[in-house]
Amino acid sequence: MLVNLNDSLSLGSKLTPKRISNAWKIWRSYQRAAKTGVPEINGLPISMAIEPTTACNLRCPECPSGLRSFTRPTGRLDTGLFEKIIQDVSEHLIYLTFYFQGEPYLNPKFLDMVKIASEHNIYTTTSTNAHFLDEANAKKTVESGLNRLIISIDGASQETYQSYRKEGDLKKVLEGTKNILKWRKALGNRGPKVVWQFLVVKPNEHEIPTVQKLAKKYGVDKVAFKTAQIYDYKNGSDLIPTIDKYSRYRSNGDGTYSIKNELANKCWKMWQSCVITWDGQVIPCCFDKDAKHSMGSLGEKTFKEIWLSKPYQHFRKSLFTSRSEIEICKNCTEGLKVWA
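About the thresholds
Residue numbers restart at each chain and count upward from 1, following the sequence in its written direction. Given that this is a predicted model, residues contribute local features only at a pLDDT of at least 70 and side-chain atom pairs are listed and counted only at 80 or more, while totals for whole chains, interfaces and linings are drawn from all residues. To obtain the side-chain values, all non-hydrogen atoms of the structure were included, while hydrogens and water were left out. Interaxial angles span 0 to 180 degrees and are taken between N-to-C directions of axes, which are lines fitted to C-alpha atoms, for helices over the stretch in contact. Runs of H or I in DSSP of at least four residues are treated as helices and runs of E of at least two as strands, each being numbered from the N terminus. Every angle not falling under 35 degrees, over 145, or within 65 to 115 is termed oblique; those three ranges are roughly parallel, roughly antiparallel and roughly perpendicular. Put simply, a crossing is left-handed when the front helix is turned counterclockwise from the back one by less than a right angle, and right-handed when it is turned clockwise. Should any heavy atoms of two residues lie within 4.5 Å, those residues are considered in contact. When DSSP finds two or more bridges between a pair of strands, those strands are recorded as paired. Throughout, right-handed denotes a crossover for which the path from the first strand over the helix to the second runs clockwise when the strands point away from the viewer.

Draft legend 1. View of the packing of helix α4 (residues 79–89) against helix α5 (residues 110–119). Following both chains from N to C, one finds α4 and α5 inclined at 15°, their axes separated by 11 Å at the closest point. Classed by the angle they form, the pair α4 and α5 counts as roughly parallel. For the pair α4 and α5, the sense of crossing is right-handed. On α5, the residues touching Thr-79, Phe-82, Glu-83 and Ile-86 of α4 are Met-113, Ile-116 and Ala-117.

Set out below in structure tokens:
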């Protein structure tokens, strides 16, 4: 309870008059646009995801990083580019996720960048497989000012864990969790809040009760059960859970499956957030894994120029008429989770 309160206070402390005013402008312009179908936008995003790297040490079967299947270049975010981004967005940005694809800790400058964002009073979060949370990295993570640390733990036994987290070691995940909690206590910091994220698939759904008990044993702050995105779901998959509430897809009764979402012709994300790839491409959404809808490069333009550009406005407008026809939207669930 105390950790939840501290987390809420941490987020609330990021609210400045300029950020509150900007958030109100964004919300009002989205409401008007949703009613009229005209993609008016007044303000800048309140949240953002930035990709530290596309590299990953694991080989998860439904992940472009794990499959090494990207059509875009691989690489890692440069500190100079990150500092430019922060200069462009720090006045209006409230929430920054250091994750898109890849394992953030494989970028050696990752925690330095977290510290820069923290110094600009931005709420920071990341998602990790926790294989690199040794004593040194755990201590540096706490010292960086990171507010929320999401640790992927898709199994309560090594056999189950590695069935999805290919080449992963559950012992390292548990040890990394212990290291973070140890240093958080030792340094007397409020953060980061530690969240275990359990991606529910058919091979691991039987261990949901076990991982809940394990979370209490280790003292993590939250457990999130996340629904899995299956790329080729229409004819079924061995990964689709049998427990309906943990599945993004419904059986049609004839051996085929459909996504549960109705895909309404509107999307709040296109007003309040965006994603920036490691090489500075601004893309509209985290479902655009290969950055096929790049709205521009921060190596050539300012963020504001890209955010208000004609290509971005055209994309926003298309959501009001034919969202179900946009490839990256077809598998969208806007991040369904079930919190323990």
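More follows now that the structure is in view.
Draft legend 2. Region of interest: the packing of helix α6 (residues 135–144) against helix α8 (residues 170–186). In the contact formed by α6 and α8, the axes pass within 8 Å of each other and the chain directions differ by 50°. Comparing the axis directions of α6 and α8 gives the class oblique. As for how α6 packs across α8, the hand of that crossing is right-handed. Residues Glu-135, Ala-138, Lys-139, Thr-141 and Val-142 of α6 pack against Asn-179, Ile-180, Lys-182, Trp-183 and Arg-184 of α8.

Draft legend 3. Spatial organisation of the pairing of strand β6 (residues 222–227). The sheet contact formed by strand β5 (residues 193–200) and β6 spans six bridges and is parallel. For Leu-199, the partnering residue across the bridge sits in β6 and is Lys-226. With helix α9 (residues 208–218) bridging β5 and the parallel β6, this β-α-β connection has right-handed handedness.

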